[in-house]
Amino acid sequence: MDAIHLQDLAFYAYHGVHAEEARLGQRFQVDLTCHVDLSEASASDRYEDTVCYGLLTETVERVVTTSRFQLIERLAGAIADAVLECDARIASVRVRVHKPGAPLPIASGRVSVEISRARGHV
């Protein structure tokens, strides 16, 4: 299956278990892969034959910045569901949410969660 990738989408939001995360917020990064048949778009060169990257970005931004979740697992699931709802041509989606400022008991490290959903799951 063909794919559209959006990587390193960065947003400031207020997700997390700890009270400081809800109060202060932090940066989140999202990588998105949408599996979609691009054969028509690759043959026609017409904008309307593909999924709009701007719409995908706006959909992710809306979920990340207008909702509040304790877990990035839930955030990733909400993004996946919203993306599948935004364009019926998307067969499946993979979402990776990075939380660079996750409170870890070590000096450095990176936390991310990846969720895959297919049409019919919503």
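See the structure shown above.
(A) Here's a closer look at the packing of aromatic side chains. The final tally for this structure, using the stated rule, is one aromatic pair. With 5.8 Å between their ring centres and 85° between their planes, Tyr12 and Tyr14 make a pair best called edge-to-face. Classification of Tyr12 as partly exposed rests on a relative accessible area of 47%. Residue classification places Tyr14 among the partly exposed residues on the basis of a relative accessible area of 37%.

(B) Just the side chain of Thr33, in detail. By the secondary structure assignment, Thr33 is in strand 2 (residues 26–36). For Thr33, a relative accessible area of 4% translates into the label buried. Setting aside chain neighbours within four positions, we find Thr33 in contact with Ala3, Ile4, His5, Ser92, Val93 and Arg94.

(C) Spotlight on the packing of helix 3 (residues 53–66) against helix 4 (residues 72–86). Contact pair helix 3 / helix 4: the axes reach a minimum separation of 9 Å and the direction vectors enclose 145°. Two packed elements cross with a definite hand, and for helix 3 against helix 4 that hand is right-handed. The segment helix 3 lies against helix 4, with Leu55, Leu56, Thr59, Val60, Arg62, Val63 and Val64 engaging Leu75, Ala78, Ile79, Ala82, Val83 and Cys86. Broken down by class, the residue content of the contact of helix 3 with helix 4 amounts to eleven nonpolar, one polar and one charged.

(D) Structural detail: the side chain of Gln26. Mapped onto the secondary structure, Gln26 falls in strand 2. At a separation of 3.5 Å, a polar atom in the side chain of Gln26 contacts the main-chain carbonyl oxygen of His15. Leave out the neighbours within four places in its chain, and Gln26 touches Phe11, Tyr12, Ala13, His15, Glu21, Lys99, Gly101 and Ala102.

(E) Quick look at the sheet that holds strand 1 (residues 3–13). Spatially, 1-2-3-4 is the arrangement adopted by the four strands of the open sheet, whose pairing is antiparallel. The outermost strands of the open sheet, each flanked by one partner alone, are strand 1 and strand 4 (111–118). Adjacent strand axes in the sheet meet at a mean angle of 15° when their direction is disregarded. The pairing of strand 2 with strand 3 (residues 90–99) spans eight bridges and is antiparallel. From the neighbouring strand, Thr33 faces strand 3, where its bridge partner is Arg94. Along the sheet, helix 4 makes contact with strand 2, strand 3 and strand 4, crossing strand 3 at roughly 150°.

(F) Summary view of helix 4. Along its 15 residues, helix 4 runs 21 Å from first to last C-alpha, staying within 8% of the 21 Å computed at 1.5 Å per residue. Listed in full, the buried residues belonging to helix 4 are Ile72, Leu75, Ala76, Gly77, Ala78, Ile79, Ala80, Ala82, Val83 and Leu84. The secondary structure elements touched by the buried residues of helix 4 are strand 2, helix 3, strand 3 and strand 4.

What counts as what
Residue positions within a chain follow its written sequence, with the count starting from 1. Restriction of local features to residues with pLDDT of at least 70 applies here, the model being predicted, together with a cutoff of 80 or more for giving and counting side-chain atom pairs; totals for whole chains, interfaces and linings are based on all residues. The basis for the side-chain values is all heavy atoms of the structure; hydrogens and waters are excluded. Ring geometry is summarised as follows: Phe, Tyr and Trp rings, the Trp one being its six-membered ring, pair when their centres sit within 6.5 Å, and such pairs are stacked at plane angles under 30 degrees, edge-to-face over 60 and tilted between the two. Burial classes: relative accessible area under 20% of the type maximum marks a residue as buried, over 50% as exposed, and values in between as partly exposed (1.4 Å probe, protein chains only). Under the DSSP-based scheme used, a helix requires at least four consecutive residues in state H or I and a strand at least two consecutive residues in state E, with every element numbered from the N terminus. Any pair of residues with heavy atoms lying within 4.5 Å of one another is described as a contacting pair. The angle between two axes is taken between their N-to-C directions and runs from 0 to 180 degrees, where each axis is a line fitted to C-alpha atoms and a helix contributes only its stretch in contact. Left-handed describes a crossing in which the near helix is turned anticlockwise from the far one by less than a right angle; the clockwise case is right-handed. The classification used treats Ala, Val, Leu, Ile, Met, Phe, Trp, Tyr, Cys and Pro as nonpolar, Asp, Glu, Lys and Arg as charged, and all other residues, Gly among them, as polar. Polar contacts here mean pairs of N or O atoms no more than 3.5 Å apart (in protein, one a potential hydrogen donor and the other a potential acceptor; neighbouring residues in sequence count only if both atoms are side-chain atoms). In short, DSSP must find at least two bridges between two strands for them to pair. One fewer than the residue count of a helix, multiplied by 1.5 Å, yields its expected span.

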